[in-house]
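Per-entry structural report
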There are 2 protein chains.
Amino acid sequence: MTTTRAPAELMSTEISEQPDVWRRLLGSEQFAAAAQQIAEYRPRMVWLAARGTSDHAALYAKYLVEVVLELPAGLVSPSTMTAYGAKPDLRDVLVLGISQSGGSPDLLTSLEVARAQGALTVAVTNNASSTLAQVAAVHIDVLAGPELAVAATKSYTAQLLALYLLLTHSRGRSATVEALPELGERLLGQEHQVQEQAQRYRFAQRLVTTARGYSYPTAREAALKLMETSYLSAQAFSGADLMHGPLAVIDAQVPVLAVVGEGPGGAAMGAVLPRLIDAGADVFTVGTAEAVARSTGGIVLPRGVPEELSPVLEILPFQQLALHLAVARGGNPDEPRGLRKVTETL
Amino acid sequence: MTTTRAPAELMSTEISEQPDVWRRLLGSEQFAAAAQQIAEYRPRMVWLAARGTSDHAALYAKYLVEVVLELPAGLVSPSTMTAYGAKPDLRDVLVLGISQSGGSPDLLTSLEVARAQGALTVAVTNNASSTLAQVAAVHIDVLAGPELAVAATKSYTAQLLALYLLLTHSRGRSATVEALPELGERLLGQEHQVQEQAQRYRFAQRLVTTARGYSYPTAREAALKLMETSYLSAQAFSGADLMHGPLAVIDAQVPVLAVVGEGPGGAAMGAVLPRLIDAGADVFTVGTAEAVARSTGGIVLPRGVPEELSPVLEILPFQQLALHLAVARGGNPDEPRGLRKVTETL
């Protein structure tokens, strides 16, 4: 079947749908019962299983679990249960499997093993009839609607918000959570600035993304979007890890995309920005007005959003950047070379 | 003080010392008592804290814990305890802090908090008088001797072997473990082949490393060595994650370094190699004779080494590659730009 869509039409539509997806999630009643089941189980630890974009949502959830629930958390290496057949003792362990399609065979095996080994299993997917949703004891639907572009956008922020609503349910909801869709719409409205910025990277071969704390998953996801759609080498580093070796790759030829928000994660980037600028780097920052002013350029985030919610917003300019950079480089981000929408790894 | 050393002399010496470091570890009696303390504590979970190269040793230990000890394991995000001040409930949790210098302030805070929160803390360092060694309940000395080159080599394989000896102590030692130093010497003896290969990448701007399972930390560490010493963008992907997006960056311009060993991890790479070759990639493989034959080139590993021990050996050709590539590109891997030996992140 020949497509008659304009390049990037799918990805562009799905990026713009995000505030509406968040409204659906904020109106959903699925979180109370699921949070109740988790509370009754009284987990001592949380284990997160995911791949690709969903792995960045898992990393975000890891910070929430450690900081808000004050439980140790870890990311599953699925191969230990698939390739090596490990049967870890998972009593008192909450295992969250996160997947847009709910169809990845290695996640399925991980959740099946986890359930058999005593864990409480929760699947977070965009497909209530998926095998992953059926295998898990609890299913959370991220309600993003059909996602057709190969590069995931709306399912990612839907995963973040769904995980936030699930894991912080007992705290009640702040006014800022309810305001997220409107804040998202305003941020998306700065697209022309991002589009201009995309021209700047048209001939870049490689770039680095960096952030700390809650925003580190944003740096990871921004790098993945750029690789998927624009075929450049984009590497994400926590601001701390960047100082442990990879700083050597930074020079005037390697643009840096940074996230420097309001909270402790942004503050911990304070020592990183000057060293990047000393190294001659071109730094594009999504964050506070102060951090943007200290950088080569950037997009200012709305003020007053708690740091643990900020990742839902701060990825938006990077999604737009990936789209416009792909188009500027002559590609079509809706159909990246070499990729399929559902990736089956064993 | 002016140095009169030849470029790469420090790194070259330290690479070649590795078999002797392993002999010291194999002769050390520190593991029995430490393993006993861990067994008596009866951990339900293992949490690993590290940065940079040591983080790759931590990732290796994560596979050992999950597959051999059959306990869930996770990597600590130090910022949750430093930047966010989280106080997670760590009763029944074994926390391993891994650091060459034992001087990184964020690891120190993580281990102090962990101990106060009920964890059994074990420091694995190359410096018995370091603060990390003193703060932890148990200290394992990796006995690598002073490491002067900025790019860590001997302390990395010493960490791997020390973690192996600690975590598998109850199983007793196989003949292969005792043979490791000799196998390492033979593998290091193929340096001329690696040196030739280094010429091939002299003008490369970016490359990708890949592996699965126990060898995935090798891919990560190989990428870090290349970044630290040769300033190219080297990205590591698990073979599974590579299929979820980053495959799009692979073409004839992006060399791939793969590890494809004998066990399940190597077998799981079976589907990955053909897709890389289809994408036009130049693939250099460290692994079995069969995998090397299917690649553009490579180094064959000794046969019959159990997969969980193989990481100690398989990083050696990549260390040599990083050294020779740095020299070929006109650099000095003993003094990479922008880096210091001990990195202090908070």
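Procedures and definitions
- Residues numbered from 1 in each chain as written.
- Chains lettered and ligands numbered in written order.
- Predicted model: local features only at pLDDT ≥ 70, side-chain atom pairs only at ≥ 80, totals over all residues.
- Heavy atoms only, no water.
- Contact = heavy atoms within 4.5 Å.
- Buried area = accessible area lost by both parts, 1.4 Å probe.
- Salt bridge = Lys/Arg side-chain N within 4 Å of Asp/Glu carboxyl O.
- Polar contact = N/O pair within 3.5 Å; in protein donor to acceptor, adjacent residues only side chain to side chain.
- Helix = DSSP H or I, 4+ residues; strand = E, 2+ residues; numbered from the N terminus.
- Phe/Tyr/Trp six-rings, centres within 6.5 Å; stacked < 30°, edge-to-face > 60°.
- Buried < 20%, exposed > 50% of the residue type's maximum accessible area, 1.4 Å probe, protein only.
- Expected span 1.5 Å × (residues − 1).
- Pairing = 2+ DSSP bridges.
- Axes fitted to C-alpha atoms, helices over the stretch in contact; angles between N-to-C directions.

Attention shifts here to the interface of chain B and chain A. Each partner contributes to the interface: chain B provides 69 residues, whereas chain A provides 70 residues. Contact between chain B and chain A buries roughly 5,800 Å² in total, counting both sides, with carbon and sulfur atoms accounting for 51%. Run the count over chain B and chain A and you get six salt bridges. Notably, a salt bridge pairs Asp92 of chain B with Arg44 of chain A, separated by 3.1 Å at the nearest N-O pair. Where chain B packs against chain A, one counts 32 residue pairs in polar contact (both at pLDDT 80 or more). Broken down by secondary-structure element, the contributors of at least two residues to the side of chain B that touches chain A are strand 1 (45-49), helix 4 (53-69), strand 2 (73-75), helix 5 (78-81), helix 11 (216-230), strand 7 (233-238), helix 12 (239-243) and helix 13 (264-268) of chain B. Per element, the largest residue contribution to the side of chain B that touches chain A is five residues, and it comes from strand 7 of chain B.

To continue, consider the packing of aromatic side chains. Applying the stated criterion to the full structure yields eight aromatic pairs over all chains. Where Tyr84 of chain A meets Tyr214 of chain B, the ring centres are 5.1 Å apart and the plane angle is 70 degrees; that geometry is what we call edge-to-face. Residue Tyr84 of chain A is located in the loop between helix 5 (78-81) and strand 3 (93-99), and its partner Tyr214 of chain B is located in the loop between strand 6 (206-211) and helix 11; the two belong to separate chains. The burial state of Tyr84 of chain A is the same as that of Tyr214 of chain B; both residues are buried. The structure contains a cluster of three or more aromatic residues connected by ring pairs, namely Tyr60, Tyr63 and Tyr214 of chain A together with Tyr84 of chain B.

Right, let's talk about helix 9 (residues 175-188) of chain A for a bit. The end-to-end C-alpha distance of helix 9 of chain A is 20 Å, a good match for the 20 Å that 14 residues give at a rise of 1.5 Å each. Inspection of helix 9 of chain A places Thr176, Val177, Leu180, Pro181, Leu183, Gly184, Leu187 and Leu188 of chain A among the buried residues, and these make up the whole buried set.

Bringing the sheet that holds strand 9 (residues 283-287) of chain B into the picture now. Residues and elements named next belong to chain B. Judged by pairing direction, the sheet is parallel, and its five strands sit side by side in the order 7-6-8-9-10 without closing on themselves. Strands with a single pairing partner mark the edges of an open sheet, and in this sheet they are strand 7 and strand 10 (297-300). Neighbour to neighbour, the strand axes of the sheet diverge by 15 degrees on average, direction disregarded. In this fold helix 11 packs onto strand 6, strand 7 and strand 8 (256-260), with an angle of close to 175 degrees to the strand it touches most, strand 7.

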